[in-house]
Amino acid sequence: AYADRVAAKDGEIKAFLKLDREQALKAAEAADARRAAGKPLSDYDGIPVGIKDCIVAEGETCSCASKILAPVKSPYDSTAVARLRAQGFIPFGRLNMDEFAMGSSCENSAFQKTANPCDVSRVPGGSSGGSAACVAASFAPAALGSDTGGSIRQPAAFCGIVGLKPTYGRVSRYGLVAFASSLDQIGPMTHDALDAGILLDAIAGGDPMDSTSLPNPAGGFADAVRNSSGSLKGMKIGLPKEYFTGSGLASGVETITQQAIEKVRSLGAELVEVSLPHTRYAVAVYYIIATAEASANLARFDGIRYGDRKEGRDLVDTYFKTRGEGFGDEVKRRILLGTYVLSSGYYDAYYLRAQKVRTLIRRDFEEAYKRCDLMLTPVTPTVAFKFGEKTSDPLQMYLSDIFTIALNLSGNCGISVPAGRDPETGMPVGIQFLAPALDEARLLQVTDTFM
Ligand code: GLN
């Protein structure tokens, strides 16, 4: 049924870069046969899960929506995909994204523009825009995305679904094409909290192939949702004042966020004002650290080891041609920025200083969590914008990440939850719950209660 829906509707939405229908149907038949024989791999055997194109699956393309990796097929499964398969989930196609996960609208894909299923004249958000559109259009019940500075939560908010950024290290990054290694996390994009818990149960946990994955026991997320009390009594929810005053919130987003605050109060939560004073540096710090790490991570795409090679006169000319033609403008901009902030003479002034401010941002969160259990904030300053509205001004695009990126810098977990519709445009508005590290179970319970 899902494959049929994709065939009928994805011509308009363009969420998928690729879907091998025959292969998906075969996997579904195999799951049916296991079920008939009384031997399903799990309760979820046969359920399709869309996969963002930067999370590799054996035998599948992993272009990261970049020309430079267009011809590459992965020889192995990422840990997340291997764990899904082991429980019978069917990795379902390759989903569009901003090139190498750099962007907030999917318009940086080298191949196609994905439309927002709620209004096809608008972007689905990014960089996991294909994953959000896939779930919102019911092309699959769930999808995996990746979040470096908001790329799960922002498109989830734009498309009216749930998007969870787990704690850094909760999900193995083995087989996730690295953008900014100290910020990247894979996470679930779903219709509700229970599905997010089911998917997180499936993919979370330590992994010898990723030394930054956490050894802490993971699991029980779906059960936490099933057993949630349905009330927020006794819960202290912080409202970080920097996220509300003078933060440039569009009026529709503000209205829905205020309604969400009232709803949380009526469900029994106690609201407290908290402060994250270094929030105003978050965008600057992120775009130094993320670009620095990206410039190092993307150095491997040289046309020799991977991908599409454009032969030049000699080796250096081959590098120039391959990278010059293979990378899009935004990726080049980030490599230039990252190389600059790491270069001798500027390293101390930019990169080192950004790392210090990152520590202050992390401490802000630690201080705030002394006064509350969770925080509630907006996800994005506006609803999904129209195609082309922000492409001419990269800085404007970067500023739209203001509410999501501090979380990645802190390493904690957060979730974007549908909260209502903008009265003016009818587009979905999300709110964000933020929690201390490893508190995903509570985050999912609160999400379930709120929805
Ligand atoms: N929009 C942010 C960026 O362009 C976040 C991207 C992400 O989380 N992958 O870097």
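Per an unreviewed UniProt entry, the chain is named Glutamyl-tRNA(Gln) amidotransferase subunit A, and its organism is Victivallis vadensis. Under the UniProt heading Catalytic activity (unreviewed entry), the note attached to the chain is "L-glutamyl-tRNA(Gln) + L-glutamine + ATP + H2O = L-glutaminyl-tRNA(Gln) + L-glutamate + ADP + phosphate + H(+)". Here the chain is described in UniProt, under the heading Sequence similarities (unreviewed entry), as follows: "Belongs to the amidase family. GatA subfamily."

Student: Honestly, the overall build of the chain in this entry has me stumped. Any pointers?
Tutor: Check the secondary structure of the chain and you find 15 helices and 11 strands. Relative to the 2.2 N^0.38 estimate, which gives 22 Å for 451 residues, the radius of gyration of the chain is 21 Å and therefore close to what a compact globule would have. For the chain, the spread of C-alpha atoms along the principal axes amounts to about 65 × 65 × 45 Å. Counting over 451 residues, the chain shows a buried share of 55%. Contacts spanning at least 24 positions in sequence make up 74% of the contacts within the chain whose residues lie at least 6 apart.

Student: Help me understand the UniProt feature "active site" (unreviewed entry) in the chain, please; the structure alone is not making it clear to me.
Tutor: Those residues carrying the UniProt feature "active site" (unreviewed entry) are Lys52, Ser127 and Ser151 in this numbering. The largest pairwise C-alpha distance within this set of annotated residues, which runs over 100 residues, is 11.0 Å, so the set is compact in three dimensions. Note on lysine 52: 31 C-beta atoms within 10 Å, which makes it buried. If sequence neighbours within four positions are ignored, lysine 52 has contacts with Leu95, Met97, Ser128, Gly130, Ser131, Leu144, Gly145 and Ser146.

Student: I'm lost on the nonpolar core in this one. Help?
Tutor: Among soluble globular proteins, nonpolar side chains are generally buried collectively. Among the nonpolar cores identified, the biggest contains 140 residues, and Val49, Ala143 and Leu374 are the most heavily contacted of them. In terms of residue count, the dominant contributor to this core is helix H9 (residues 282–297) (9 residues). In this structure alanine 143 touches Val49, Gly50, Ile51, Leu95, Ser131, Cys134, Val135 and Met189, once residues within four positions along its chain are discounted.

Student: How should the site of the ligand be read in this particular structure?
Tutor: In the region of the ligand, 13 residues are neighbours, and Ala101, Ser104, Thr148, Gly149 and Ser151 sit closest. Residue composition of the shell around the ligand, by class: 4 nonpolar, 7 polar and 2 charged.

Student: Please clarify how the sheet that holds strand E11 (residues 428–435) should be interpreted in this entry.
Tutor: Strand pairing in a sheet takes place through backbone hydrogen bonds and is either antiparallel or parallel in direction. Read across the sheet, 11 strands follow the order E1-E3-E2-E4-E6-E5-E10-E11-E9-E7-E8 without closing on themselves; strand pairing throughout is mixed. Every interior strand has two partners, whereas the edge strands, strand E1 (16–18) and strand E8 (270–274), have only one. Sheet twist, expressed as the average angle between the axes of neighbouring strands with direction ignored, equals 35°. Across 6 bridges, the pairing between strand E4 (residues 142–147) and strand E6 (residues 185–190) is antiparallel. Among the inter-strand pairings, serine 146 is bridged to a residue of E6, identified as isoleucine 186.

Student: I keep staring at the packing of H9 against helix H11 (residues 329–342) and nothing clicks. Help me out?
Tutor: How two helices sit against one another is set out by the angle between their axes and by the gap between those axes. Between H9 and H11, the shortest axis-to-axis distance is 7 Å and the interhelical angle comes to 100°. Taken together, the axes of H9 and H11 are roughly perpendicular relative to one another. Facing H9, whose interface residues are Ile288, Thr291, Ala292, Ala294 and Ser295, H11 presents Arg334, Ile335, Leu337, Gly338, Thr339, Val341 and Leu342. A per-class count over the contact of H9 with H11 returns 7 nonpolar, 4 polar and 1 charged.

Student: Is there a simple way to think about the environment of leucine 249 in this case?
Tutor: As for its placement among the helices and strands, leucine 249 is situated in the loop between strand E7 (236–240) and helix H8 (251–266). Along the chain, leucine 249 and lysine 386 lie 137 residues apart, while their C-alpha atoms are 17 Å from each other.

Student: So what exactly am I meant to see when it comes to H8 here?
Tutor: A turn of α-helix holds 3.6 residues, and therefore any two residues three or four places apart point the same way. Here H8 spans 23 Å end to end across 16 residues, near enough to the 22 Å set by a 1.5 Å rise per residue. All of the buried residues in H8 are Val253, Ile256, Thr257, Ala260 and Val264. Here the buried residues of H8 occupy an arc of 100° about the axis, which is enough to place them on one side. Exposed side chains of H8 directed beyond 90 degrees from the buried face belong to Ser251, Gln258, Glu262 and Ser266. On the buried face of H8, the contacting elements are E7, strand E9 (374–378), strand E10 (413–421), E11 and helix H15 (440–450). Residue glycine 268 follows H8 closely and has a positive phi angle near 110°.

The rules we used
Residues numbered from 1 in each chain as written. Predicted model: local features only at pLDDT ≥ 70, side-chain atom pairs only at ≥ 80, totals over all residues. UniProt positions renumbered as here; feature names shortened; annotations may be inferred. Helix = DSSP H or I, 4+ residues; strand = E, 2+ residues; numbered from the N terminus. Rg over C-alpha atoms; globule rule 2.2 N^0.38 Å. Buried ≥ 20, exposed ≤ 12 C-beta atoms within 10 Å, placed from the backbone. Contact = placed C-beta atoms within 7 Å. Core = buried A, V, L, I, M, F, W, Y, C linked by C-beta atoms within 7 Å. Near = placed C-beta within 6 Å. Nonpolar A, V, L, I, M, F, W, Y, C, P; charged D, E, K, R; others polar. Pairing = 2+ DSSP bridges. Axes fitted to C-alpha atoms, helices over the stretch in contact; angles between N-to-C directions. Parallel < 35°, antiparallel > 145°, perpendicular 65-115°, else oblique. Expected span 1.5 Å × (residues − 1). Arc of directions from axis to C-beta.

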